[in-house]
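Here is what each chain is made of, one letter per residue.
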Amino acid sequence: MGFDLGSFVAALAGDPVLALIVVLTLGATVVNGATDAPNAIATVVGTKAMRPGPAIAMAAVCNFVGLAGITMISSAVAATIFKMVDFGGDNHAALVALAAAMVAIIVWGVVAWYFGIPTSQSHSLIAGITGAAIALQGGLAGVNGAEWMKVVYGLAISTVLGFGTGWLFTRLIKRTCANANRRKANEFFKWAQIISGAGVAILHGAQDGQKFLSLCMLGIMLAMTGQSGGDVTFPFWLVLLVSAVMALGTAVGGKKIIKSVGMNMVKMEQYQGFSACLSACFCIGLATFTGLPVSTTHTKTTAIMGVGAEKSLRNVKWGLAGRMVFTWILTFPGCGLLAFAFTHLFLTFFLVSVV
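Overview of the structure. What you see is a predicted model; the values in this text were computed from it and never measured.

1. Some points on the overall build of the chain
Working step 1: Secondary structure summary: the chain contains 14 helices and zero strands in total.
Working step 2: Ordered by position from N to C terminus, the α and β elements of the chain give α-α-α-α-α-α-α-α-α-α-α-α-α-α.
Working step 3: By residue count, 59% of the 355 residues in the chain fall in the buried class.

Put into structure tokens, the structure is as follows:
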């Protein structure tokens, strides 16, 4: 099921609830662009392959290209998120719950951005819609267990593969280039790192952008048809809109996250930065085309840990890494409970009773 731009604009003009849903979803997309996207080019800045300004601009463009381009080939991640929870039942209550989930996701992301903590917007999005669905349905009946398990698989796979391939790629490069001229090697890896960093940004746009694209489409379908199930076709105009908003978020924020991930956690050389980006590309790409919703922040950070650990376990600032891991773990119950509370509050405020 798809919608043309004209019918959407007409519905938007006559339905303030739909307008609110779209604004909140795009707002959450902006926060994602500001908090998650900078991870893609954090190592590029940390190794001084690029200055922060040009690197962020590159990430913004690549986010747009990734979501707009790859979604036309595969929208597997968007389909997973679209089917993960059931906001069915009373149509007005479903829209209110979705709005509450978006508010919770935005609040969680802004707080993390303020403190410079690279929290996962993917995890907060999944936690937010899950908490809202549980509040709306009065239990786990609103959660699709089969689709939700893909989150668990993605979490486990991205952790193991991110760390493992980061370690492996670094070891292979060191052995292959052991006798190479250091100056020429550094120049090569500088550009290789920039290219691979752009690749991570493209895949971030596809992976994370599709999650917010699916929620925007869910809101539109609930408002315009009262339905949220079945097959869905994402109209190209909506893909372009979400792509542009994510790129905007990347362009206006992110320096705090870059500093935490790319400069503070592990001190890296050019070839190590390339290894981290290459590892992230492999893991995120694999997840994107198989429909596993993974955290790009989680994947890139574990890759950086693997790169640092290859030289020495002491080369990683485990205190900072531990704080990030704690934030990831806290996100699921924290943002989920926040969305649960906001949903009940919103339903009460709008005089909607939960059955």
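2. Considering the packing of aromatic side chains
Working step 1: As enumerated under the stated definition, the model contains six aromatic pairs in all.
Working step 2: For the pair Phe342 and Phe346, a centre-to-centre distance of 5.9 Å together with 45° between the ring planes defines the contact as tilted. Of the two residues, Phe342 and Phe346 are both situated in helix α14 (residues 318-349); the distance of four residues between them amounts to about one turn of the helix.
Working step 3: Owing to a relative accessible area of 19%, Phe346 belongs among the buried residues under this scheme.

3. What about the environment of Gly154?
Working step 1: Of note, Gly154 is situated in helix α8 (residues 145-176).
Working step 2: When the C-alpha positions of Gly154 and Pro293 are compared, they lie 6.2 Å apart, and in sequence the two are 139 residues distant.
Working step 3: In this structure Gly154 touches Leu292 and Val294, once residues within four positions along its chain are discounted.

4. Quick notes on the nonpolar core
Working step 1: Counting 62 residues, the largest nonpolar core has Phe87, Leu125, Ile129 and Leu238 as the members making the most contacts within it.
Working step 2: Counting residues per element, this core draws most heavily on helix α6 (residues 91-114), which supplies 15 residues.
Working step 3: In contact with Ile129, other than residues within four places in its own chain, are Ile81, Val85, Phe87, Ala101, Met102 and Leu215.
Working step 4: Ala49, Val200, Cys277 and Ala280 belong to the second largest nonpolar core, which has 22 residues in total.

5. Concerning the side chain of Asp208
Working step 1: Residue placement: Asp208 occurs in helix α9 (residues 182-224).
Working step 2: On the accessibility criterion, Asp208 (0% relative accessible area) is buried.
Working step 3: One polar contact links Asp208 to Ser122, side chain to side chain, over a distance of 2.9 Å.

Thresholds applied
All chains use their own residue numbering, which begins from 1 and follows the written sequence. Local features are withheld for residues below a pLDDT of 70 in this predicted model, meaning they are given only at 70 or higher, and side-chain atom pairs are given and counted only at 80 or more; totals for whole chains, interfaces and linings count all residues. Calculation of side-chain values draws on the structure's entire complement of heavy atoms; hydrogens and water are dropped beforehand. A run of DSSP states H or I qualifies as a helix once it reaches four residues; a run of E qualifies as a strand once it reaches two. Both are numbered from the N-terminal end. Each residue gets one of three labels from its accessible area relative to the maximum for its type: buried under 20%, exposed over 50%, partly exposed in between, using a 1.4 Å probe on protein chains only. Note on aromatic pairs: the rings of Phe, Tyr and Trp (six-membered ring only in Trp) are paired at centre separations within 6.5 Å, and the planes decide the class, stacked below 30 degrees, edge-to-face beyond 60, tilted for the rest. By definition, residues are in contact when any of their heavy atoms lie within 4.5 Å. Within this scheme, the nonpolar core is defined by two criteria: the residues are buried Ala, Val, Leu, Ile, Met, Phe, Trp, Tyr or Cys, and they are joined through side-chain atoms within 4.5 Å. Any N or O atom pair separated by 3.5 Å or less is treated as a polar contact, with the protein-specific requirement of one donor-capable and one acceptor-capable atom, and with residues adjacent in sequence counted only for side-chain atom pairs.

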